[in-house]
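Each chain, written out:
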Amino acid sequence: MRDEANPRLEQELYTRLEEKYLTKKPLPHLTEAIYCLTKAWWERTDPLSPGRDELLYFVVGFGLEEVLLRDPTSPPIKSEQLDGIWYTPDYLSGRDGGVDLKTTRMWPSDGGEPKKGWPETWLEQVMGYAYAMQVQRQEGIPTEVPFSIAVMYVGKVGLSCFTFLFTWEELVANWQKMQGRARLLLTALAEGRPPTPFKHNREWECEHCCYLSRCQQTVRGGV
């Protein structure tokens, strides 16, 4: 027996992944309002092909969603809109309501939470879901609103689930922040100019971003 590398097949599979990765969500989407607005602008106007590492990290999360959250008995998941912002929860549990699945290389603590604490972006996302879904239910203003999260660790393999209980004031403040960021993105798209680089993001987002050189050039006045 002998083996030969097959770059043609490898490229074919990467191309399939890229097509799934670059599928556009309705505009503006909650996830765009949470993360770097400049990157969201580039992805809407002149997207770059993602790196292979980014594609592989994406497929891990995408594949786990299909295995853990989708089956013939699952209620259909579709994007909904509130106040002009689209949102797409990962899963609806019959007993626990909305659920978001996160796949991470972070390390879990003994209790199952991420060892370095809950990422701010995760909390903003589930708070956005919790607010929008509560408003859509038209059941009035509750004291607390639950939303659950399932965390799949892929370093030290494990699955942990938690339910957050948010105050209504927390949810309103977060939603107002998302509305403001969504408006910034829409304005930038209408004007044909990216949001000011390095202003509407978290520092860690730049580290492996394929648009970093574009942002640096923009700051230098190159575009």
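Presented here is an overview of the structure given in this document. What you see is a predicted model, and the numbers here were worked out from it, not measured in a lab.

Burial analysis of strand 5 (residues 144-153) places eight of its ten residues in the buried class, the great majority of the element. Two strands pair when backbone bridges link them, and strand 4 (residues 97-104) and strand 5 are joined in this way by six bridges, in the parallel orientation. Of the residues in strand 5, the one forming a bridge with Thr-104 is Tyr-153. Regarding the hand of the β-α-β motif, the stretch spanning strand 4, helix 5 (residues 120-137) and strand 5 is right-handed. By the bridge criterion, ten bridges tie strand 5 to strand 6 (residues 158-167) in an arrangement that is antiparallel. Across the sheet, residue Ser-148 finds its bridge partner in strand 6, namely Thr-163. Hairpin connection from strand 5 to strand 6: four residues lie between these consecutive antiparallel strands.

Sheet architecture is open: four strands sit in the order 3-4-5-6, paired in mixed fashion. Among the strands making up the open sheet, the edge pair consists of strand 3 (91-93) and strand 6. Between one strand axis and the next, the sheet turns by 35 degrees as a mean value, whatever way the strands run. Judged from the three bridges that link them, strand 3 and strand 4 form a sheet pairing that is antiparallel.

Our next topic: helix 6 (residues 168-191). For helix 6, built from 24 residues, the straight-helix expectation of 34 Å at 1.5 Å per residue is met to within 8% by its first-to-last C-alpha distance of 35 Å. Restricting attention to buried positions, one finds in helix 6 the residues Trp-168, Leu-171, Asn-174, Trp-175, Met-178, Gln-179, Arg-181, Ala-182, Leu-185 and Ala-188. Just downstream of helix 6 lies Gly-192, where phi reads positive at about 75 degrees.

By the secondary structure assignment, Glu-32 is in helix 2 (residues 30-34). Polar contacts involving the side chain of Glu-32 include one to the side chain of Arg-44, which spans 2.7 Å. Those residues in contact with Glu-32 that lie beyond four places of it in its chain are Pro-26, Leu-27, Leu-37, Ala-40, Arg-44 and Leu-185.

Attention now moves to the environment of Thr-218. Mapped onto the elements, Thr-218 comes out in helix 7 (residues 212-219). Here Arg-214 takes part through its backbone oxygen, which lies 2.9 Å from a polar atom of the side chain of Thr-218.

In contact at an axis separation of 9 Å, helix 5 and helix 6 are set at 105 degrees when each is read in the N-to-C sense. The angle between helix 5 and helix 6 falls in the class roughly perpendicular. Between helix 5 and helix 6, the residues in contact are Glu-120, Glu-124, Met-127, Gly-128, Ala-130, Tyr-131, Ala-132, Gln-134 and Val-135 and Trp-168, Glu-170, Leu-171, Val-172, Asn-174, Trp-175, Lys-177 and Met-178, respectively. Tallied by class, residues from the contact of helix 5 with helix 6 come to ten nonpolar, three polar and four charged.

Below, the discussion takes up the side chain of Lys-102. Secondary-structure assignment places Lys-102 in strand 4. Judged by its relative accessible area of 11%, Lys-102 is buried. With sequence-adjacent residues up to four places away left out, Lys-102 is seen in contact with Trp-122, Gln-125, Ile-149, Ala-150, Val-151 and Met-152.

So, about the state of the cysteines. As enumerated under the stated definition, the model contains zero disulfides in all. For the unlinked cysteine Cys-36, the closest cysteine sulfur is that of Cys-215, found at 6.0 Å. Using a relative accessible area of 8% as the deciding quantity, one classes Cys-215 as buried.

Parameters at a glance
- Residues numbered from 1 in each chain as written.
- Predicted model: local features only at pLDDT ≥ 70, side-chain atom pairs only at ≥ 80, totals over all residues.
- Heavy atoms only, no water.
- Buried < 20%, exposed > 50% of the residue type's maximum accessible area, 1.4 Å probe, protein only.
- Helix = DSSP H or I, 4+ residues; strand = E, 2+ residues; numbered from the N terminus.
- Pairing = 2+ DSSP bridges.
- Right-handed = clockwise from strand over helix to strand, strands pointing away.
- Axes fitted to C-alpha atoms, helices over the stretch in contact; angles between N-to-C directions.
- Expected span 1.5 Å × (residues − 1).
- Polar contact = N/O pair within 3.5 Å; in protein donor to acceptor, adjacent residues only side chain to side chain.
- Contact = heavy atoms within 4.5 Å.
- Parallel < 35°, antiparallel > 145°, perpendicular 65-115°, else oblique.
- Nonpolar A, V, L, I, M, F, W, Y, C, P; charged D, E, K, R; others polar.
- Disulfide = S-S within 2.5 Å.

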